[in-house]
Amino acid sequence: MKILVPVKRVADPDNANKVKVSDDGTKVTSDGLEWKMNPFDEWSLEAALRLTEDVSKKGMKGDDGKPLDRIGEVVLVSIGPKDAVQTIRQGLAMGAERGILVEAEDSSLDSHVVAQVLAAVAQKENPDIVFLGKQSADGDSNVAGTKLAEMLGWPLVNYATSIRTEPGSDTLTVTRALDGGVQTIEVKMPCVLTSTDRILHPESVKNGVTPEDHKYPESEGGRYASLKGIMAAKKKPLEETTLEALGVTPKRTEEYVKFALPPAREGKATVVESVDELVEKLHSEAKVL
Amino acid sequence: MSLFEPTDEHRQLREMVRAFAEREVEPQAAAHDRSESFNLDLFRQLGELGLLGITCGEQYGGSGMDAVAACIAHEELAAADPGFTLAYLAHSMLFVNNLYQNGDEDQRQRYLPKACRGEAIGGMCISEPGAGTDVLGMTTTARREGDHYVLNGAKMWITNGAISDTELGDVFLVYARMEGAARNELSMFIVEKGFEGFKLGQKIEDKLGMRASPTAELVFADCVVPAANRVGEEGSATLHMMRNLEIERLTLASMSLGIARRCVEIMNDYARERRSFGQPLNRYGQIQRHIAESYAQYMAGRAYAYAVAGRMKLDAPGQRLDTDGVKLFCSTMGKEVADRAIQVLGGYGYVGEYRVERLWRDAKLLEIGGGTVEAHQKNMTRDLSRLDRLR
Ligand SMILES: Cc1cc2nc3c(=O)[nH]c(=O)nc-3n(C[C@H](O)[C@H](O)[C@H](O)COP(=O)(O)OP(=O)(O)OC[C@H]3O[C@@H](n4cnc5c(N)ncnc54)[C@H](O)[C@@H]3O)c2cc1C
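Definitions and cut-offs
- Residues numbered from 1 in each chain as written.
- Chains lettered and ligands numbered in written order.
- Predicted model: local features only at pLDDT ≥ 70, side-chain atom pairs only at ≥ 80, totals over all residues.
- Helix = DSSP H or I, 4+ residues; strand = E, 2+ residues; numbered from the N terminus.
- Rg over C-alpha atoms; globule rule 2.2 N^0.38 Å.
- Buried ≥ 20, exposed ≤ 12 C-beta atoms within 10 Å, placed from the backbone.
- Contact = placed C-beta atoms within 7 Å.
- Axes fitted to C-alpha atoms, helices over the stretch in contact; angles between N-to-C directions.
- Nonpolar A, V, L, I, M, F, W, Y, C, P; charged D, E, K, R; others polar.
- Pairing = 2+ DSSP bridges.
- Domains from an automatic or database assignment.
- Near = placed C-beta within 6 Å.

The next thing to look at is the overall build of chain B. If you tally the helices and strands in chain B, you get ten helices and ten strands. For 391 residues, the compact-globule estimate of 2.2 N^0.38 gives 21 Å, and chain B sits close to it at 21 Å. Based on the C-alpha atoms only, the size of chain B along its principal axes is roughly 80 × 50 × 40 Å. Buried positions account for 52% of the 391 residues belonging to chain B.

Moving on to the interface of chain B and chain A. The extent of an interface is frequently quoted as the accessible surface area lost upon association of the parts. Contacts between chain B and chain A engage 14 residues on the former and eleven residues on the latter. The greatest single-element share of the side of chain B that touches chain A, amounting to seven residues, is contributed by helix 1 (residues 8-35) of chain B.

Below, the discussion takes up the packing of helix 3 (residues 67-80) of chain B against helix 7 (residues 285-311) of chain B. What describes two packed helices is the angle between their axes and the distance between those same axes. All names here are of chain B. One way to put it is that helix 3 packs onto helix 7 with a least axis distance of 7 Å and a crossing angle of 145 degrees. Contacts between helix 3 and helix 7 involve Ala 67, Val 68 and Cys 71 from the former and Ala 305, Tyr 306, Ala 309 and Gly 310 from the latter. Partitioned by chemical class, the residues of the contact of helix 3 with helix 7 number six nonpolar, one polar and no charged.

Residues and elements named next belong to chain A. In this sheet, strand 12 (residues 191-195) lies alongside strand 9 (residues 156-164) in parallel orientation, the contact comprising three bridges. Of the residues in strand 12, the one forming a bridge with Val 157 is Leu 193. Relative to strand 10 (residues 171-178), strand 9 is paired through four bridges, and the arrangement is antiparallel. Residue pairing in the sheet places Arg 164 in a bridge with Thr 173 of strand 10. Between strand 9 and strand 10, which pair antiparallel and follow one another directly, the connecting turn spans six residues, one of which, Gly 168, has a positive phi of 85 degrees. The pairing of strand 9 with strand 13 (residues 205-206) spans two bridges and is parallel. Bridging from a neighbouring strand, Arg 164 pairs with Lys 206 of strand 13.

When cut into domains, chain B gives domain 1 (8-121), domain 2 (123-231) and domain 3 (237-384). When its residues are assigned to classes, the side of domain 2 of chain B that touches domain 3 of chain B shows seven nonpolar, four polar and one charged.

Okay, the site of the ligand next. All names here are of chain B. Residues in close proximity to the ligand total 23 residues, the closest being Gly 132, Thr 133, Trp 157, Thr 372 and Glu 374. Every element with two or more residues in the shell around the ligand is listed here: strand 1 (122-125), strand 3 (148-159) and helix 10 (373-384). A breakdown of the residues in the shell around the ligand according to their chemical character gives ten nonpolar, ten polar and three charged. Residue assignment places the shell around the ligand across two domains, with domain 2 (123-231) and domain 3 (237-384) each supplying three or more.

Right under this line is the structure:
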């Protein structure tokens, strides 16, 4: 199985309160913040790694020196300036096999252009799955995956919470959480997926090769790159390409007009005597009940 | 790339350890400090990441990295939990690195892969109830009897000596003197839990800080050690001890750097938010002095430590003066920065919730363990007295 995982670098979302709007309101500045892999992409990368590994052979190598625990291929793609290579290296250190950097200025991109580029890469790479983050932690637009599926004409499952497949099968069984319950979808590959954090649950990904009873450790994010992984990543192939080389003519559909910080919150705290009084106030004053 | 991260691998290492420290180490720190207990499960995770054998060769399950990498790992882990990091240091530097540098092929094969995976917890024994700074005043003895050695004596303050109240750590490098040998001729032995005559004296309770690292007294009463477990020649261990103490001092100093960074972050954050007389605290000159001096001293210590780490060769001595200097400066710096952090936070700094109270207690140990500041002053002055000019 071959999975294409787009990864974006974003200004450290744990310090989102330090993001500022430039004085003229034309852009959001993130000066002084560290770049991190978009956490939503990290979830999908983790799921992609789980789909393409055999945990029972962890750390084992074949006679040719190739790792036996990898039973598929994960290809990372990032669109951005040269620095974005660091984000790709991080993914390679976590275990992906190779990376592609499509060089572009961050400011020249919107969700549509991103989807165009990913469609071009997907057509070249022919993956079984393109596994995106559901959104990026900076723009929060939540549309690239859907646009990509539309452009490719591939089926799409957004917000996957679990995935199950068997070796050699061309179908995935994917669940999603809906308001009223759990929806189970059978989807034929090639397809486009996005995920939620539930995909990180210890038993959310089953590929029919890793022992059925294997439990991944509880985690808030993807796996940590081990030192071995960091060293190995140096030797993994990383291809650099451009929009032109991919034959993409960018067609922006969004223009950012103006950014402004939300007005500072106002509010007062009232101490109530009883639950009854609280319910009464929520009903009559706050009007939320 | 910078002094602190000379290559891209060093940068990735720092990112990885910092993420791990923030997500996994920080949340458990307060509880293990309070209960004075060692977090074995978390420790084993360091093995999966390749950190337990960070400077050990890959053929023995290590990661084959350098002194700078060791500094990075200790600095980042200590920013979250110095106590846990001290246990890491005793295992990865005092046991794994020491045996990797000084052991023979058979000893490395037998002990290092397990230690790098975290299946065996290791430590190193120099100090004794009656001899600390006066290292060569140790009285633990060894004598040869046929195909084995017999050790007698006691070792004190041994980090990882116990992994619980009653259970010994797994494997130790023990320094002792052959009966009748000269004062400066020490020998080193690998002693495993389960060797006849090797016992837990006591787990040391009620430490001021570093409470998440277990400390113990270990007793050797006619302890039987196979001859194959003697590391190096009889009487040759003084040199490897001195060499390994260099990386020990450097990584202990890196722990002080981690403590200092965390304390600067916490006081900086607090002084921005907390208001007094209608203004944030960081508008007041006295508070500015705490913050600015802490930062400058932290950066000075950091620059010194990484400059020394960058030229340090793990398989050769040669940085005695400056590893003493780095630890002398950083240990006291870390303690003072933690002290200022408490001061900036006022009453909130004095309780556990804001973390600086724990970091302050932990910081103090670094003025004592691995050589007291007085020992560094003594040794540095001796080395300096042989120099006329500084390069
Ligand atoms: C938490 C903890 C963990 C430790 N882990 C280990 C470990 O894993 N392995 C290990 O071998 N040891 C370990 N130690 C021991 C540590 O290295 C010693 O405590 C240290 O070397 C000091 O020795 P001492 O405690 O015997 O003090 P002493 O040597 O008795 O010193 C007492 C005081 O006298 C001063 N002093 C001594 N001699 C002189 C002198 N000549 N000139 C001026 N002042 C002097 C000292 O600086 C100190 O202030 C640990 C200690 C602690 C507290």
